[in-house]
Amino acid sequence: MAKPLFVLNGPNLNLLGSREPEIYGHTTLADIEAEARKCAGAHGLGIEFRQSNHEGELVDWLQEARVSASGVVLNAGAYTHTSVALHDALKAVELPVIEVHISNPYKREPFRHTSFVSPVVTGVICGLGAQGYSLAIEALATLISARASKKGQA
Ligand code: CA2
């Protein structure tokens, strides 16, 4: 069986569903995890679903993903807009990575218009609500099976 997907969530995403529903909707992080498991399972993939409020822990998990995952979904929360450490960790990860944002940061405050993550990931999904996680998993499943058949040809 393929290595699992890592679905990594940054600061304050544990509060989803409890505040600011006009921006983030009513879906909780537990709901997102359940949907992500279903979606990945349909493609024969397992999930390691995690959330942290600590930048260094997210860096550790990206380093772990490098050896233990087949792809990564990353919603780095506010660290998206500040973190050189996450940028550097992503550069080293050598896996398909999809950056996800529930809201569309480009419709929001100017400080959310810069991402340190986007230049070093495979793709970005934003502004589509919690559904963005399932779309990212679909994209990873396609990328991973394309990689596997390329390897088989070699
Ligand atoms: O839209 C996204 O997914 C974000 O990554 C969410 C981050 C924000 O800093 C990014 O600019 C865009 C914030 C996550 C905090 O989520 C909360 C949810 C409910 C209540 C308070 C915060």
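Peer 1: Can you explain the pattern of salt bridges? Please cite residues and give values.
Peer 2: Within this structure, the stated rule accounts for eight salt bridges. The residue Arg-19 makes a salt bridge to Glu-20 at a minimum N-O spacing of 3.8 Å. Given a relative accessible area of 32%, Glu-20 falls into the partly exposed group. The salt bridge involving Arg-108 is made with Glu-109; its shortest N-O contact spans 4.0 Å. With relative accessibility at 32%, the residue Glu-109 sits in the partly exposed group. A single salt-bridge network, built from bridges that share partners, covers Glu-48, Arg-50 and Glu-64.

Peer 1: Can you explain the side chain of Arg-112? Please cite residues and give values.
Peer 2: Residue placement: Arg-112 occurs in the loop between strand S4 (97-101) and strand S5 (123-126). Overall, the relative accessible area of 18% leaves Arg-112 in the buried class. Polar contacts involving the side chain of Arg-112 include one to the side chain of Glu-109, which spans 2.7 Å. Non-local contacts of Arg-112, meaning those with residues more than four positions away in its chain, are made with His-81 and Pro-105.

Peer 1: Explain the sheet that holds strand S3 (residues 71-75) to me, and be specific about the residues and the numbers.
Peer 2: On the basis of which strands lie adjacent, the open sheet formed by five strands has the order S2-S1-S3-S4-S5 and parallel pairing. Looking at strand neighbours, the two that pair on one side only are strand S2 (47-51) and S5, the edges of this open sheet. Each strand axis lies, on average, 15° off the axis of its neighbour in the sheet, ignoring direction. Summarising the sheet, S3 and S4 pair through three bridges and their orientation is parallel. From the neighbouring strand, Val-72 faces S4, where its bridge partner is Val-97. Along the sheet face, helix H2 (residues 29-42) touches strand S1 (5-9) and S2 and points at about 165° away from the line of S2.

Peer 1: Tell me about the nonpolar core, residues and numbers included.
Peer 2: With 23 residues, the main nonpolar core has Leu-5, Ile-32, Ile-47, Phe-49, Val-73, Tyr-133 and Ile-137 as its most contacted residues. The biggest single contributor to this core is helix H5 (residues 131-153), with six residues. Apart from the residues lying within four places of it in its own chain, the contact partners of Val-73 are Phe-6, Val-7, Leu-8, Ile-98, Val-100, Tyr-133, Ala-136, Ile-137 and Leu-140. Core analysis: the next-biggest nonpolar cluster, separate from the first, contains 21 residues, Val-59, Leu-62, Val-97 and Val-117 among them.

What counts, and at which threshold
- Residues numbered from 1 in each chain as written.
- Predicted model: local features only at pLDDT ≥ 70, side-chain atom pairs only at ≥ 80, totals over all residues.
- Heavy atoms only, no water.
- Salt bridge = Lys/Arg side-chain N within 4 Å of Asp/Glu carboxyl O.
- Buried < 20%, exposed > 50% of the residue type's maximum accessible area, 1.4 Å probe, protein only.
- Helix = DSSP H or I, 4+ residues; strand = E, 2+ residues; numbered from the N terminus.
- Polar contact = N/O pair within 3.5 Å; in protein donor to acceptor, adjacent residues only side chain to side chain.
- Contact = heavy atoms within 4.5 Å.
- Pairing = 2+ DSSP bridges.
- Axes fitted to C-alpha atoms, helices over the stretch in contact; angles between N-to-C directions.
- Core = buried A, V, L, I, M, F, W, Y, C linked by side-chain atoms within 4.5 Å.

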